[in-house]
Amino acid sequence: MRLEPIPNPSLARRLGLPAAALVATVVVASLLALLAGANPLAVLGQIVTGAVGSKFALLETLNRATPLIFTGLAVAVAFKAKLWNIGAEAQLYAGAIVAVLLGTGAVPSPFVLPVTAVFAMLAGALVLLGPALLKTRLGVDEVVTTLLFNFIMLLFVSYLLEGPMKDPMGMGWPKSEALLKEARLPRIAEGLRLHWGFVLAMIAAVVVYVIERRTSFGFEMRAVGSNFGAARFAGVPVNRVLIQTALLSGGLAALAGWSEVAGLKGHLSQDLSPGFGYTGIIVAMLALLNPLAVIGTAIFVAGIFVGSDAMSRAAGVPTYIADMLLASALLFMVLAILLTKMRVVRG
Amino acid sequence: MSDILEILLSASFWAAVIRIAAPLVLATMGELICERAGVLNLGIEGIMVIGAFTGWLAVYQGMPLWGGVGVAMSAGMLFGLLHATLTVPFGLSQHVVGLGVTLLATSTSSFAYRLALPEVTSPPKIEPFQPLDLPILSDLPFLGEVFFTQTAFTWFAFGSAVLVALVLFRTPLGLAVRAAGENPSAVEAQGLSVTGLRMGAVIFGSGLMAMGGAFLTLSAFSSFFFEMVNGRGWICVALVVFGAWMPGKAVLGAILFAAFDALQIRLQQTPLGADLPYQVFLMAPYVLSILALILMSRRAEVPAALMTPYNKGER
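Residues numbered from 1 in each chain as written. Chains lettered and ligands numbered in written order. Predicted model: local features only at pLDDT ≥ 70, side-chain atom pairs only at ≥ 80, totals over all residues.

**Considerations on the overall build of chain A**
Here's step 1: When its secondary structure is counted, chain A shows 13 helices and two strands.
Here's step 2: Against the compact-globule benchmark of 20 Å for 347 residues, chain A has a radius of gyration of 21 Å, which places it among compact chains.
Here's step 3: Over its C-alpha atoms, taken along the principal directions, chain A stretches across nearly 70 × 60 × 35 Å.
Here's step 4: Within chain A, residue pairs in contact and separated by at least 24 positions form 77% of the contacts whose partners lie at least 6 positions apart. (Helix = DSSP H or I, 4+ residues; strand = E, 2+ residues; numbered from the N terminus. Rg over C-alpha atoms; globule rule 2.2 N^0.38 Å. Contact = placed C-beta atoms within 7 Å.)

The structure is reproduced here in C-alpha cells:
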C-alpha cells in the first residue's frame, strides 16, 4: 500500500473522519468497561455526568482544564515550530517554585501577583532554554533532553520541599509554606469554586493565537515548522526563531504551575501536577496545534479525567481508564487527520 | 576519594554493574534496531512498563519464568506492531505516535494491574531468577562473584546484544535493515520492501524493549510497581546516541552508565552521602545521560533516513 494526496477533500471526509475517531474512542471505553465487568452505557453515562452533570462537576472540570490550557498552549507553540518540547512538566514546576519563592513575603503586596507571574514565566523559559540551545548549537535532540529534565526537576522539587522550602508547620508532610493572601488568585465570584487562572488561560490562548497569526515572529515560527530547509533558504533566522519559540513555550508551561499554586493549592507539593505537562501533548494534538482550539480540547480532556474519577468511585472501573482513553483518542485522531488529506492506494 | 577506590575494587560493585546494565542492554538494543531501520521508537518507556507488568503477571499466575519473558516479549511486539503500523505505512509523526504508545502501554499496565489485583496494597512478590551456581567458576575469587553469580536472564541479555550485532553487521538481513534506515529507495530498487523491513525491525525491537522491562520484575525486583521503569526507556534512547548507533559501543555505554548508577547508590552510604541531599545522587543518571548526549553530539553518525517516512509514490 501507499498513500496518495487527495486534491480536494470533501467536507464529509474532513468532518466524518475525526468524528469516527471519537466514536472509536467510545468503543474502546465500552470494551474496557466490559472487561472490568461493568455496564458500558452506565460507565459512559457516569463519566459524562461526573464531568459536566452538575454545577460542582462542571467547575471542577474547568479548574482541571486551567493548567491543561497552559501546558497545551506550550506544546502547541513548540510543536508548531517542530520544537519537540516534552518537558512542560519541568517548566510547570519551575513556575510553581517561583510562585512560592516570591509569593510568601519577598515582594511588596500590591505587585505580588504580576511579579510572580512574570518571574514564573522567566523561570520556565530558562528551563527550556538549555535544551533549545543544545539543539541549535550542538544538534542535541531536544526530545530526550527535555524528557530527562522532567525527572531532574521532580527530584529538585523533592529536595526543596525536604530542605530549604520545607514548611516548618507542615507536620513532616513535604510541602512548602502557604502563599500570602495577596499572592493568591481570587475566585471569579464569591462562593464559586473557580479561580481567575481559568480566565487568564483563555486570554493566553487568544494572545498566542494573535502572535501566531498576526506577527512576523508567528509567521517565521510556522515557516520553520512546515519546512525547515525552505525557511532557512528564504532567510528566516531559524535558530533565533527556535530559541524564541522555546522561551514562549517554556513561559506558558510555567504559568500552569504558577496558576495551580496561586489559584488552587496555595502551596507547592510533590503531587502538584499529575502529569499536566505530558497531558498537554494530548491537548495540543487534539486541537491540531490551534491555540484557540486548545481551550476546547483542554476542557474535554479535563472532563474525561474528572468524569472518570467520579465514575471510578461509583462503578469500580479503575480510574486509569482515563489515560487509556486519551492515549487511544490521540492515536485515532492523528490517523483520522492524516486520512482526511491522504488516501490509501494499492501498489 | 579512598571511599570511591574501595567501592571500585569490590567484586560486589562490579556484579551490581552487570546486573544494572542488563535491562538497559536489552532495551537499548531494541531501540537501536528500530533507529537503524529509520524509525525513532519513543514507545520504549511504555513498552518497558508493559513488559515489566505482563512478564510479572504471567509468572504470578503460575507460568515458568521463561514463559513470563515470552509473554512480555509478545506484549511488547503487539505494541510494536501498533507503533509500526502508524509510523511506517501511514508515515505519522514518530514523536507523537511514540509518546502516544508510551502513554497507552503505561496506562494499560496500570488499568490491568488494578483489574487483576483490585484490593492489594503492597505489591505481591514472585520467585525471581536465581543466580546461577556454576561449578568451579562461581568459586573463583573476584571474577567468580562478578561474572558467575549472575542470573540466566543476565546472560541472555548480553547474549542477545551479541546476536543483534552479528545479525545487523554479518547477514544480508542486517544489511537490508540498515539500508532501510540509510537509503530506502535503494532498498526498494533491490526489490525489497522498506515497509516490511522497517515494520519487522520496530516489532522485533519492541519485543527486546519489553524483555528489558521484564528483567526488572523477573530478575531484579520480583514485584511490579507503577513507577518502576522511571525513565530508563528515555535513558536507553540516549544510550543509542551515545553508542553512535553501534551495538558494541552502546553496550559499553550501558555498562559505563550502570557503573555510575551503582557508584551513586554506594556513595550515599559514605560520609559524602551524609553531606549531600540524596536527591543529588538520584539525579545523577539523568544528568549523565544529558552529558553523554552533549559529548557525542558532534561525532555521532545518525542513520540518514531516521525519522523520514518512506512513501513509494514520492520522489
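**Side note on the overall build of chain B**
Here's step 1: Within chain B, the regular secondary structure consists of 14 helices and zero strands.
Here's step 2: When its helices and strands are written in sequence order, chain B yields α-α-α-α-α-α-α-α-α-α-α-α-α-α.
Here's step 3: In terms of C-alpha radius of gyration, chain B reaches 20 Å, essentially the compact-globule figure of 20 Å for 315 residues.
Here's step 4: Within chain B, the proportion of its 315 residues that are buried is 51%.
Here's step 5: Intrachain contacts of chain B at a sequence separation of at least 6 include 79% that bridge at least 24 residues. (Buried ≥ 20, exposed ≤ 12 C-beta atoms within 10 Å, placed from the backbone.)

**Structural notes on the interface of chain B and chain A**
Here's step 1: The interface of chain B with chain A comprises 38 residues on the first partner and 38 residues on the second.
Here's step 2: Breaking the side of chain B that touches chain A down by element, the ones donating at least two residues are α5 (94–116), α11 (232–242) and α14 (278–296) of chain B.
Here's step 3: Here the residues of the side of chain B that touches chain A are counted per class, giving 23 nonpolar, twelve polar and three charged. (Nonpolar A, V, L, I, M, F, W, Y, C, P; charged D, E, K, R; others polar.)

**Overview of unusual backbone geometry**
Residues and elements named next belong to chain B.
Here's step 1: One non-glycine residue, S222, lies in the positive phi region at around 70 degrees.
Here's step 2: In this fold, S222 is placed in the loop between α10 (194–220) and α11.
Here's step 3: Positioned with a positive phi, A244 is a non-glycine residue whose angle comes to about 50 degrees.
Here's step 4: For A244, the location among the structural elements is in the loop between α11 and α12 (247–267).
Here's step 5: The class of A244 is partly exposed, set by 15 C-beta atoms lying within 10 Å.

**Digging into the packing of helix α1 (residues 11–35) of chain A against helix α13 (residues 321–341) of chain A**
A packed helix pair is summarised by two numbers, namely the angle formed by the two axes and the spacing between the axes.
All names here are of chain A.
Here's step 1: Where α1 contacts α13, the two axes come as close as 9 Å, and the packing angle between them is 155 degrees. The orientation of α1 with respect to α13, classified from their angle, is roughly antiparallel. Seen along the crossing, α1 lies across α13 with a hand that is right-handed. Between α1 and α13, the contacting residues are R13, R14, L17, P18, A20, A21, A24, T25, V28, A29 and L32 on the first element and I321, M324, L325, S328, A329, F332, M333, A336, I337, L339 and T340 on the second.
Here's step 2: Partitioning the contact of α1 with α13 into residue classes produces 17 nonpolar, three polar and two charged. (Axes fitted to C-alpha atoms, helices over the stretch in contact; angles between N-to-C directions. Parallel < 35°, antiparallel > 145°, perpendicular 65-115°, else oblique. Left-handed = near helix turned anticlockwise from the far one by under 90°.)

**A look at the packing of α11 of chain B against α12 of chain B**
All names here are of chain B.
Here's step 1: The interhelical angle for the contact between α11 and α12, taken along N-to-C directions, is 125 degrees, at an axis separation of 8 Å. For the element pair α11 / α12, the angle class is oblique. At the point where α11 passes α12, the crossing takes the right-handed sense. Two secondary-structure elements touch here, α11 through L239, V240 and F242 and α12 through A250, G253, A254 and F257.
Here's step 2: Considering only residue class, the contact of α11 with α12 consists of six nonpolar, one polar and no charged.

**Overview of the confidence of the model for chain B**
Fine structural detail should not be taken from predicted coordinates in areas where pLDDT scores are low.
All names here are of chain B.
Here's step 1: Taken residue by residue, chain B gives an average pLDDT of 92. The fraction at 70 or more is 98%.
Here's step 2: Averaged pLDDT values for the elements of chain B fall to 77 in helix α6 (residues 143–147) and rise to 98 in helix α4 (residues 65–87).
Here's step 3: The ipTM assigned to the predicted complex is 0.94, against a pTM of 0.95. (pLDDT = per-residue confidence, 0-100.)

**Details of helix α7 (residues 197–214) of chain A**
Residues and elements named next belong to chain A.
Here's step 1: Taking 1.5 Å as the rise per residue, α7 with 18 residues should run 26 Å; its terminal C-alpha atoms sit 25 Å apart, in good agreement.
Here's step 2: Residues of α7 that are buried: G197, F198, L200, A201, A204, A205, V208 and E212. In an axial view of α7, the angular spread of the buried residues amounts to 155 degrees, which keeps them on one side of the axis. Exposed positions of α7 whose direction lies more than 90 degrees from the buried face are I203, V206, V210 and R214.
Here's step 3: Buried residues belonging to α7 abut α3 (55–80), α8 (216–226), α10 (238–265) and α12 (291–315). (Expected span 1.5 Å × (residues − 1). Arc of directions from axis to C-beta.)

**Overview of the environment of S219 of chain B**
Residue and element names in this part refer to chain B.
Here's step 1: With respect to the helices and strands, the residue S219 is situated in helix α10.
Here's step 2: A sequence separation of 66 residues divides S219 from F153, and the C-alpha atoms of the two residues are 7.0 Å apart.
Here's step 3: Among residues more than four places away in sequence, those in contact with S219 are P128, F129, T151, F153 and T154.

**Comments concerning the environment of A310 of chain A**
All names here are of chain A.
Here's step 1: Tracing the chain through its elements places A310 in helix α12.
Here's step 2: Along the primary structure A310 and G105 are separated by 205 residues, whereas in three dimensions their C-alpha atoms are 38 Å apart.
Here's step 3: For A310, the contacting residues outside a window of four places in its chain are Q46 and G50.

**A closer look at the environment of A238 of chain B**
Here's step 1: Looking at the secondary structure, you find A238 of chain B in helix α11.
Here's step 2: Once the C-alpha coordinates of A238 of chain B and T28 of chain B are considered, the two residues, 210 residues apart in sequence, prove to be 8.8 Å apart.
Here's step 3: When neighbours within four sequence positions are excluded, A238 of chain B is seen to be in contact with V144 of chain A together with S289, A292 and L293 of chain B.

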